[in-house]
Amino acid sequence: MGAICTAGSGVRAGCDAVFQGKDCLTPLSLFESGLKAPPLCGQVAGLSDEFASPTRTIALACSAAREALSVVKNRRGLSIGLVFATTVGGISRSELFYRAYRTDPETASRAAGELAFHEPCAASGFVCRAFGLAGFVTLSTACSTGLHAVGTAKRLVEQGAFDACLAVGADALALLTIRGFASLMLIDPTGCKPFDGRRAGTSLGEGAAAMLVASEKASAAIGALPLARVSGWGASADCHHMTAPHPEGLGAQKAIAAALAEAEVSPADIGAVATHGTATPDNDRSEIAALRAVFGRVPPFFSVKRTLGHTLAASGILEAVFAVRAMQDGIIPPTAGFEQADPAIGLVPSNLLRTPIRHILKNSFGFGGNNASAVFSLDA
Amino acid sequence: METLIDALKSQIVTALKLSDVKPQDIDPDAPLVGGGLGLDSIDTLELLVLLEKEYGVTIPDVNVGKQVFASVRALADYIQHNRSKG
Amino acid sequence: MSALHIRGCSAAIPGADNAWQDELPAHIKRRDPRIWTMAYAATARLLKTISEKPRSVCVGTGLGALDETKNFLDGLFKDGFGSPRNFIASVHNSMAGKLALEFSIDGPNLTMCDGQNSLASAIALCGLLPDNAFPCLVVAVDEAIPLLQELAPHLSIDCQTRTAGMGEEGAVALLLDRNSPSGLPAIRAVAPTPVGPHTPEACAAVLAESFGARAATVRPLGDCRSFLSAALQVHATLGSARPGTFIVPSYSPSSMACAAIEVTV
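A. How the structure looks around the overall build of chain A. Helix and strand counts for chain A stand at twelve helices and 15 strands. In terms of overall size, chain A behaves like a compact globule, its C-alpha atoms giving a radius of gyration of 19 Å where 380 residues would be expected to give roughly 21 Å. Evaluated residue by residue, chain A yields a buried proportion of 64% over its 380 residues. Residue pairs at least 24 apart in sequence account for 81% of intrachain contacts in chain A once pairs closer than 6 positions are excluded.

If you want it as structure tokens, here you go:
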């Protein structure tokens, strides 16, 4: 696995912050947002770029991919595929070009260079070539993309398309996303408060994460012990509204149930839920409604959005990485940003808890009513 | 007040891209959201942008929002009481 | 992986006919972004021809609703206010979400953005879905972006160098199924592969390596500036109903990767 986020570079840095329930958000300083005050965001500081990445999203992706692939000591002719998840792609660069072009038509002469990496697949192609991977698919389903990428990687390996498959999710902060979310009144500039009665919106973040999914045979060939199994993946659509989730979380219920069914685990086997937990009034309420409907008694749950920010397409994989680490260490992290219960929800996120976890559920819900859920399991 | 109402009607049609509605056909006392214009919750967000952009007026919370968007007249009323632009 | 069966194929291509705009229901024609309306029209035409109801959606799009992104940025840069409606539409998966909403399709909903290879990726991914996700609605959609056409003289427009493509626009919708009665045309695809020469034969070879060689007619690469080229070729191949196995190659200069779709009629 590999990760880079506001808490630092590497899985360990992120883990430390998540397990302590740290608040790592800082006022946006990467660029001028044009908002009344810079909102609290999860910014990656000091991004070192050894790949001469043409966009920030690619630089983040390469950092995570390299860490995940470092476990492969010898490829031995194994074919490794790539499933790439991004919402922003090269927008952080394209939007600067466009702003300049609007006021100065002479800027057009730079169009070829500035827009060459605008498309999401330009990032996938770059990462594929940088690491000598065999082939790739590029997914873009907003906030749920990361988890869909993990599920897709699993399927590709199961069906023999590749011996192993790297699922990478990456999104850099961009003016488009900050102002876009703000226009939808989905941002709490003072920092998100997941599941809190006073919650008023999410906080955006940037980052990347990677999970190398391999068959048992390939794992043995690579010489790396698997950290966990991707035991189930569920996907569904709400068919309710383009940005608001279904109030009872109907679509989410389907995705969760499908993931549990494929994993062949019953709700009682799930030790913890790594929620989507964006801290918007709607998401948290409907996510808990969905969990109640599926579980009856909801397992201990947590959200890392105040620690890392909502990293959009990266979030599904980034948060799954820490969910797997939490499961490995037998820790249910506290939820930064949560202080007061919401009577309308009736449940509160877990305090820091040390307890064995054999199966953990991760949820990721995106715009357009797009739902993804996955179950990760430790082998006995 | 009537001038403001007329201006608002035109601005609403433009901002919400209601290509099949003539400003003069909008009933100033009919409900804006959930009424005959077929507006949805995203239109409410667009109206918030319109309020701030054209009149420098913001709405502090959802409850005030409900009263303000009750009709074009209610909207005009709120603007008159709170506007900062001339 | 075995091939999927094509239960139907329809298209809405502004260059070919404009009747599709009249077929749009009022609430969509009224205010929805152009790219959504083309995807809707192709899907509506498709679902009129078959009784099966789709249970999942896979959309392939090169640029997504880039015009909406531009509109949002225009509002932002001009007055300091970006339109929420423009932003919602500008997310790449907005078409797939809208199709799910309008046609009540509540199963898996995926959007693939692999440039000119997007349809190949969509078909390849569709093949990975579980049985209960079928039939699957697969839609390739891209629109002409006036801004890119304006910048065209400055963009690298040959396929040797990376470009932010432009050109044809429209939507092609397919209903794909597994375990269907025989006699239906079949389709399968490989995901993008970074191979050197992007000739049609090289793309076909990638397909052959994945699925085993088959005697096939390899279509020309087409104008590789166009994101819709592969989809239009698939549509034309099915439309002609000439029996045979055809390979539709595609190449994305942005990602420097090629893909291939095999259609057996």
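B. Focus on helix 12 (residues 315-329) of chain A. Residue and element names in this part refer to chain A. Counted at 1.5 Å a residue, the expected span for helix 12 with its 15 residues is 21 Å, and the 21 Å between its end C-alpha atoms agrees. Most of helix 12 sits out of view: 13 of its 15 residues are buried. Looking one or two places after helix 12, you find glycine 330, whose phi comes out positive at around 65°.

C. Structural context of the interface of chain A and chain C. Listed by partner, the interface residues are 51 residues for chain A and 54 residues for chain C. Considering every element that reaches the side of chain A that touches chain C, the biggest residue donor is helix 5 (residues 120-130) of chain A, with seven residues. Partitioning the side of chain A that touches chain C into residue classes produces 22 nonpolar, 21 polar and eight charged.

D. How the structure looks around the sheet that holds strand 11 (residues 301-302) of chain A. All names here are of chain A. The sheet built from five strands is open, its strands ordered 9-15-14-10-11 with mixed pairing. Of all strands in the sheet, those with a lone pairing partner are strand 9 (229-237) and strand 11, marking the two edges. Taken together, the four bridges between strand 10 (residues 270-274) and strand 14 (residues 359-366) define a ladder with parallel strand orientation. Each residue of the ladder has a partner; that of alanine 272, found in strand 14, is isoleucine 360. Across the face of the sheet, helix 9 (residues 250-263) comes into contact with strand 9, strand 14 and strand 15 (370-377) while running at roughly 150° to strand 9.

E. Spotlight on the packing of helix 6 (residues 145-158) of chain A against helix 12 of chain A. Residues and elements named next belong to chain A. Put simply, helix 6 and helix 12 touch, their axes get as near as 5 Å, and they point 70° apart. The angle between helix 6 and helix 12 falls in the class roughly perpendicular. Touching Thr145, Gly146, Leu147, Ala149 and Val150 of helix 6 are Ser315, Gly316, Ile317, Leu318 and Ala320, all from helix 12. Across the contact of helix 6 with helix 12, the residue classes tally to six nonpolar, four polar and no charged.

F. Representation of the pairing of strand 8 (residues 207-214) of chain A. Residues and elements named next belong to chain A. When you tally the buried positions in strand 8, you get eight out of eight residues, the bulk of the element. In strand 8, alternate side chains face the same way, and those of Gly207, Ala209, Met211 and Val213 on one face and Ala208, Ala210, Leu212 and Ala214 on the other are all buried. Of the strand pairs in this sheet, strand 1 (residues 2-5) and strand 8 are connected by three bridges, and their pairing is antiparallel. Bridge pairing in strand 8 places glycine 2 opposite alanine 210.

G. Geometry of unusual backbone geometry. Between C:Phe134 and C:Pro135 the backbone carries a cis peptide bond, its omega angle lying at 0°. Along the chain, C:Pro135 falls in the loop between helix 7 (118-126) and strand 4 (136-142). Of note in the backbone geometry, A:Cys239 takes a positive phi value of approximately 55° without being a glycine. Within the secondary structure, A:Cys239 sits in the loop between strand 9 and helix 9. A tally of 21 C-beta atoms within 10 Å means that A:Cys239 is categorised as buried. The phi dihedral of A:Leu312 is positive, around 55°, even though this residue is not glycine. With respect to the element layout, A:Leu312 can be found in the loop between helix 11 (305-308) and helix 12.

Basis of the calculations
- Residues numbered from 1 in each chain as written.
- Chains lettered and ligands numbered in written order.
- Predicted model: local features only at pLDDT ≥ 70, side-chain atom pairs only at ≥ 80, totals over all residues.
- Helix = DSSP H or I, 4+ residues; strand = E, 2+ residues; numbered from the N terminus.
- Rg over C-alpha atoms; globule rule 2.2 N^0.38 Å.
- Buried ≥ 20, exposed ≤ 12 C-beta atoms within 10 Å, placed from the backbone.
- Contact = placed C-beta atoms within 7 Å.
- Expected span 1.5 Å × (residues − 1).
- Nonpolar A, V, L, I, M, F, W, Y, C, P; charged D, E, K, R; others polar.
- Pairing = 2+ DSSP bridges.
- Axes fitted to C-alpha atoms, helices over the stretch in contact; angles between N-to-C directions.
- Parallel < 35°, antiparallel > 145°, perpendicular 65-115°, else oblique.

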